[in-house]
Amino acid sequence: MRLLVTGGAGFIGANFVHHTVSNHPETTVTVLDALTYAGNRASLDPVADRIDFVHGDVADLDLVDDLVGRVDAVVHFAAESHNDNSLAEPWPFVQSNIIGTYALLQAVRRHDVRYHHVSTDEVYGDLSPQAQAFTETTPYNPSSPYSATKASSDLLVRAWSRSFGVRATISNCGNNYGPYQHVEKFIPRQITNLIDGVRPRLYGAGHQIRDWIHVDDHNRAVWEILHRGRVGQTYLIGADGELDNKSVVRSILAAFGWDPDDFDHVTDRPGHDRRYAIDASLLRSELGWQPRYVDFRTGLAATIQWYRDNESWWRPAKADTERAYREAGERICFAVRD
Ligand code: NAD
Ligand code: TDX
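If you're wondering where the values come from, they're calculated on a predicted model, not measured in any experiment.

Participant: I'm lost on the overall build of the protein in this one. Help?
Facilitator: From N to C terminus, the protein includes 11 helices and 14 strands. The C-alpha atoms of the protein give a radius of gyration of 19 Å, which matches the 20 Å a tight globule of 338 residues would have. With the C-alpha coordinates aligned to their principal axes, the bounding extent of the protein is approximately 55 × 45 × 40 Å. Split into buried and exposed, the 338 residues of the protein put 56% on the buried side. Within the protein, residue pairs in contact and separated by at least 24 positions form 82% of the contacts whose partners lie at least 6 positions apart. Element-wise, carbon and sulfur atoms account for 48% of the exposed surface of the protein, whose accessible area totals about 14,400 Å². Here the protein contributes 34 positive and 45 negative side-chain charges, whose respective centroids are spaced 2 Å apart.

Following this line, the structure appears as structure tokens:
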């Protein structure tokens, strides 16, 4: 199979390319990536001689049409992915996430190419602590500009599948963790703070719940859906990994041998979603997928070790990222109500 992977220099896309090259050497991989601040060519260094890399924008209709015409399938990871950035400046999210998906859909439609769309559980909005987990039929209710653009892109895929017969599948996954994740994101931010001797930063009281999954488990599910999923179907990907943010920070502190209260509460995110939770029964029953990382602390320990071993990968982005948080108004709060 000839595969086009968009966003392959980002966190999940790079791990997907590594997985594909290692486990499915019969597949030829072309990566299309704009190398935004979130893309890092170095994430593909271990496989550089086994893939083709194209530096370009998924919203470039002509480029995308040309590349799609040369492959059998597309896996679309490329997106602006950080909620905090979407609150500060939404336009790149509209451009990359909506127009970029439109460009790909028009190309796969024209060339009759199989398409897998990588999306997020955030399209469903948030849940109260007692509510049932999201399923494939939960109504869309996005909260942030990021999740609204991802929801928009999912709806384009559904429409192109139904109206034009595009051979598409969609997956909506929870929060990923693992190697090669940008230091703006929650877990790598706290790990790299602690490596630098800086206290972790918890938004508000830290009661928000995320459904964590190791990136390798996510990518094995994407591979299964691409090859054995039903065309036109949406699959939720989750590993029963619900944890509140304070517990995650405390697990990271414990792994570094710090006191459980050695963190700072900082300004909360506006519109902060309370809880995400995924029911992945369909994926498990239909495709037989199961997570390998069932113990969060084991996956976290491996991730911490990766950041310790790969400082040259994350160090160049660290100072700018922390400066951006300060400039966006993040402040330490000394009184946060539980
Ligand atoms: P990331 O920000 O780490 O990487 C995104 C990549 O896309 C970068 O390499 C960037 O350069 C590239 N990119 C951005 N705009 C582009 C454009 N216009 N043209 C070409 N390339 C462009 O993101 P990630 O965390 O790896 O997320 C990948 C996908 O998975 C996204 O679609 C995201 O919505 C989805 N997702 C992420 C998570 C998570 O926890 N990180 C969870 C569920 C779903
Ligand atoms: O310093 C921090 N302190 C903190 O408490 C940061 C950066 C985050 N947080 C909180 C906010 C969230 O409740 O941690 C939680 C996770 O934050 P992020 O890593 O920014 O992820 P989130 O907003 O949940 O979205 C992620 O999962 C779904 C990805 O960034 C999205 O791309 C994906 O769709």
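This is not the end of the story, as more comes after the structure.
Participant: Mind showing me how you'd approach the sheet that holds strand 13 (residues 264-266) here?
Facilitator: Strand pairing in a sheet takes place through backbone hydrogen bonds and is either antiparallel or parallel in direction. Taken together, 3 strands build an open sheet; the order of strands is 8-13-14 and the sheet is mixed. At either end of the open sheet lies a strand with only one pairing partner, and these are strand 8 (201-203) and strand 14 (332-333). Of the pairings in the sheet, the one linking strand 13 to strand 14 comprises 2 bridges and is antiparallel in character. Opposite valine 266, over in strand 14, you have isoleucine 332 as the bridge partner.

Participant: For this particular structure, what's the right way to read the pairing of strand 6 (residues 168-173)?
Facilitator: Successive residues of a regular strand alternate their side chains across the two faces of the sheet. Among the 6 residues in strand 6, 6 count as buried, and that is most of the element. Side-chain alternation along strand 6 places Ala168, Ile170 and Asn172 on one buried face and Thr169, Ser171 and Cys173 on a second face that is also buried. Assessed by its sense of winding, the connection that carries the chain from strand 5 (residues 114-120) through helix 5 (residues 145-164) to strand 6 is right-handed. The pairing of strand 6 with strand 11 (residues 234-237) spans 4 bridges and is classified as parallel. Considered in strand 11, the bridge of asparagine 172 is made with leucine 236.

Participant: Sorry, what's going on with the side chain of threonine 149 here?
Facilitator: As for its placement among the helices and strands, threonine 149 is situated in helix 5. In this structure, threonine 149 is in contact with Phe93, Val94, Asn97 and Ile98, ignoring residues within four places of it in sequence.

Participant: How do you make sense of the packing of helix 10 (residues 296-309) against helix 11 (residues 311-327) when you look at a structure like this?
Facilitator: For any two helices packed against each other, one specifies the crossing angle of their axes together with the interaxial distance. The contact between helix 10 and helix 11 brings their axes to 6 Å, and the two run at 80°. The angle between helix 10 and helix 11 places the two elements in the roughly perpendicular class. Note on element contacts: helix 11 touches helix 10 through Glu311, Trp313 and Trp314, opposite Trp306, Tyr307, Arg308 and Asp309. Among the residues making up the contact of helix 10 with helix 11, the classes are represented as 4 nonpolar, no polar and 3 charged.

Participant: Please explain the site of ligand 2 as it appears in this structure.
Facilitator: In the vicinity of ligand 2 there are 21 residues, among which Thr120, Glu122, Tyr146, Arg269 and His272 approach most closely. At 2.8 Å from an oxygen atom of ligand 2 is found a side-chain nitrogen or oxygen belonging to glutamate 122. Tyrosine 146 places a side-chain nitrogen or oxygen 2.5 Å from an oxygen atom of ligand 2. Listing elements by their share of the shell around ligand 2, those giving two or more residues are helix 6 (186-195) and strand 8. Looking at the shell around ligand 2 residue by residue, the class counts come to 5 nonpolar, 9 polar and 7 charged.

Participant: What should I look at first to understand the environment of alanine 42 in this one?
Facilitator: Note on placement: alanine 42 falls in the loop between strand 2 (28-33) and strand 3 (51-55). Classification of alanine 42 as partly exposed rests on a relative accessible area of 30%.

Participant: So what exactly am I meant to see when it comes to the layout of surface pockets here?
Facilitator: One water molecule sets the probe size; rolling that probe over the atoms shows where empty space is left. Considering only enclosed or pocket space, the largest pocket measures out at about 730 Å³ in volume. Taken together, 34 residues make up the lining of the largest pocket; nearest its centre are His82, Asn85, Glu184, Ala324 and Tyr325. Elements with a contribution of two residues or more to the lining of the largest pocket: helix 3 (83-88), helix 4 (91-111) and helix 11. Ranked by the residues each element gives to the lining of the largest pocket, the list is headed by helix 11, at 8 residues. Of the residues assigned to the lining of the largest pocket, the class counts are 17 nonpolar, 9 polar and 8 charged. In this structure, the second largest pocket spans a volume of roughly 190 Å³. Forming the boundary of the second largest pocket are 14 residues, of which Asn193, Val198, Arg201, Glu322 and Arg326 lie nearest the centre. Contributing elements (two or more residues each) for the lining of the second largest pocket: helix 6 and helix 11. Broken down by element, the residue count for the lining of the second largest pocket peaks at 5 residues, all from helix 11.

Criteria and thresholds
Residues numbered from 1 in each chain as written. Chains lettered and ligands numbered in written order. Predicted model: local features only at pLDDT ≥ 70, side-chain atom pairs only at ≥ 80, totals over all residues. Heavy atoms only, no water. Helix = DSSP H or I, 4+ residues; strand = E, 2+ residues; numbered from the N terminus. Rg over C-alpha atoms; globule rule 2.2 N^0.38 Å. Buried < 20%, exposed > 50% of the residue type's maximum accessible area, 1.4 Å probe, protein only. Contact = heavy atoms within 4.5 Å. Areas by Shrake-Rupley, 256 points an atom, 1.4 Å probe, with all protein chains shown as cover. Lys, Arg positive; Asp, Glu negative; His and termini not counted. Charge placed at Lys NZ, Arg CZ, Asp CG, Glu CD. Pairing = 2+ DSSP bridges. Right-handed = clockwise from strand over helix to strand, strands pointing away. Axes fitted to C-alpha atoms, helices over the stretch in contact; angles between N-to-C directions. Parallel < 35°, antiparallel > 145°, perpendicular 65-115°, else oblique. Nonpolar A, V, L, I, M, F, W, Y, C, P; charged D, E, K, R; others polar. Near = heavy atom within 4 Å. Polar contact = N/O pair within 3.5 Å; in protein donor to acceptor, adjacent residues only side chain to side chain. 1 Å grid on protein atoms, 1.4 Å probe; cavity = no way out; pocket = protein on both sides within 12 Å on 5 of 7 lines; lining within 4 Å. Points joined across faces, edges and corners; volume = space filled by probe spheres on them.

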